[in-house]
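Here are the chains, one letter per residue:
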Amino acid sequence: MAADATPALSRRAPQRTSDPAPLWSQTAGLILEEIQARGLTPGAKLPPERELCAQLDISRVTLRKALTHLVDQGVVTASHGRGWFVAAPTSAREWPNDLESFTATAHRKNMRPGSLVLRQEIEAASLDDAERLDVPAGTPLLHLERVRLLNDVRIAVDRTLLVAELAPGLEGLDFTSASLFEELRERGVELDRSETTIEARSADTTLAGRLEITPGSPVLVLDQTIYARDQRPLLLSTVEYSGDRYRLRTTLQPR
């Protein structure tokens, strides 16, 4: 469906007496049901606020509270001066987190993972990479670079360097669907922990093209060194997430 389409929602209204849920909560539920029932894709435009208020027989205050809730849930997004749109799926992650693969996270969120493989080859380790992985320079490394997808939407670009001898045979696998972490476990490689840095950057032209976003758009960069159970560095991973398609969530407690 085109991004400018504004299909009317079914003429259902939230119940003011029989349903104990607040009107704004019922409204959010009705809008979500309509999005799912009509199969509206990311970028599809919702009807204008005035029409929604008339269709649902609610005030604009109630409607905006419902829409704000859906924004918080990653269902819709607002564009100033243009209206409300169905949001692209987001990869919501808990932090700190266990070492869960992208594929496992997608399945847990009832989403469909996928990858576009940009690079998959064995090359000799550079001095910098060898130092980070605690191996001699020139050690064979698997270079794996993928665009990660959720429900066919481009979420991130993932670049991984792996010590090839620790998990032989990976260079020939089809990583459009295979999970790297699962393949490592099948080969007896147990992941123990990661050391991660996170920073915000702007997408350059190459990254923007791969993520299908505008150059200069914000991206969230996770740079990881992942260790095996014997505390040996196993792989390096840099994942660049589109800023509007990734949500980082954590729980902080007072000390």
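The structure this text deals with has already been given above.
Residues numbered from 1 in each chain as written. Predicted model: local features only at pLDDT ≥ 70, side-chain atom pairs only at ≥ 80, totals over all residues. Heavy atoms only, no water.

For D134, which is not a glycine, the phi torsion comes out positive at approximately 55°. Along the chain, D134 falls in the loop between α5 (127–133) and β5 (140–150). Despite not being glycine, D152 has its phi angle at roughly 70°, a positive value. (Helix = DSSP H or I, 4+ residues; strand = E, 2+ residues; numbered from the N terminus.)

Moving on to the environment of A178. As for its position among the elements, A178 is in the loop between β6 (153–163) and α6 (180–186). A residue is classified by how much of its surface remains accessible, and A178, at 16% relative accessible area, is buried. C-alpha separation for the pair A178 and S115, spaced 63 residues apart in sequence, amounts to 8.7 Å. (Buried < 20%, exposed > 50% of the residue type's maximum accessible area, 1.4 Å probe, protein only.)

Now for the pattern of salt bridges. This structure, assessed with the given rule, holds 18 salt bridges. Here D152 and R112 are joined by a salt bridge, their closest N and O atoms 2.6 Å apart. Highlighted residues: D152 in the loop between β5 and β6 and R112 in the loop between α4 (102–108) and β4 (113–124), separated in sequence by 40 residues. We note a salt bridge from R148 to D158, for which the minimum N-O separation is 3.2 Å. Separated by 10 residues along the polypeptide, R148 in strand β5 and D158 in strand β6 bring together distant segments of the chain. (Salt bridge = Lys/Arg side-chain N within 4 Å of Asp/Glu carboxyl O.)

For Q224, the location among the structural elements is in strand β8 (residues 218–228). For Q224, the side chain forms a polar contact with the side chain of T196, separated by 3.3 Å. Setting aside residues no more than four positions away along its own chain, Q224 makes contact with R132, S194, E195, T196, L235, L236 and S237. (Polar contact = N/O pair within 3.5 Å; in protein donor to acceptor, adjacent residues only side chain to side chain. Contact = heavy atoms within 4.5 Å.)

The next subject is helix α3 (residues 60–72). Spanning 13 residues, α3 covers 18 Å between terminal C-alpha atoms, matching the ideal 18 Å at 1.5 Å per step. For α3, the set of buried residues is T62, L63, A66, L67 and L70. Down the axis of α3, the buried set is contained in an arc of 130°. They therefore lie on one face. α3 presents V61 and D72 as exposed residues on the side facing more than 90 degrees away from its buried surface. (Expected span 1.5 Å × (residues − 1). Arc of directions from axis to C-beta.)

As a general point, the strands of a sheet are linked pairwise by backbone hydrogen bonds and lie either parallel or antiparallel. With antiparallel pairing, the 6 strands of this open sheet are ordered in space as β4-β5-β6-β9-β8-β7. In this open sheet, the two edge strands, each paired with only one partner strand, are β4 and β7 (191–202). Recorded for the sheet is a direction-independent mean angle of 15° between the axes of neighbouring strands. Examined bridge by bridge, β6 and strand β9 (residues 233–242) share 7 bridges and lie antiparallel to one another. Looking across to β9, one finds that L162 is bridged to L235. (Pairing = 2+ DSSP bridges. Axes fitted to C-alpha atoms, helices over the stretch in contact; angles between N-to-C directions.)

Two elements in contact, helix α2 (residues 49–56) and α3, have axes whose closest approach is 10 Å; the angle formed by their N-to-C orientations is 105°. Comparing their axes, α3 and α2 come out roughly perpendicular. Contacts between α2 and α3 involve E49, R50, L52 and C53 from the first element and R60, L63 and R64 from the second. Its residues placed into classes, the contact of α2 with α3 shows 3 nonpolar, no polar and 4 charged. (Parallel < 35°, antiparallel > 145°, perpendicular 65-115°, else oblique. Nonpolar A, V, L, I, M, F, W, Y, C, P; charged D, E, K, R; others polar.)

Before going further, it helps to spend a moment on the packing of helix α1 (residues 23–38) against α3. Direction vectors running N to C along α1 and α3 enclose 60°, while the axes themselves pass 8 Å from each other. The angle between α1 and α3 places the two elements in the oblique class. Crossing hand, α1 versus α3: right-handed. Facing L23, W24, T27, A28, I31 and L32 of α1, the residues of α3 in contact are T62, L63, K65, A66, L67, H69 and L70. Per-class residue counts for the contact of α1 with α3 are 9 nonpolar, 3 polar and 1 charged. (Left-handed = near helix turned anticlockwise from the far one by under 90°.)

What follows covers the nonpolar core. Ranked by size, the top nonpolar core spans 19 residues in total, and within it I31, I35, L46, L63, L67, L70 and V76 carry the most contacts. For this core, the secondary-structure elements that each account for two or more residues are α1, α2, α3 and β2 (83–86). In this structure I35 touches L40, L46, V75, V76 and V86, once residues within four positions along its chain are discounted. Residues L162, L170, F181 and L235 belong to the second largest nonpolar core, which totals 15 residues. (Core = buried A, V, L, I, M, F, W, Y, C linked by side-chain atoms within 4.5 Å.)

Right, let's talk about the side chain of E145 for a bit. Structurally, E145 can be placed in strand β5. In contact with E145, not counting residues within four places along its chain, are L116, V117, L118, R119, V157, D158, R159 and R210.

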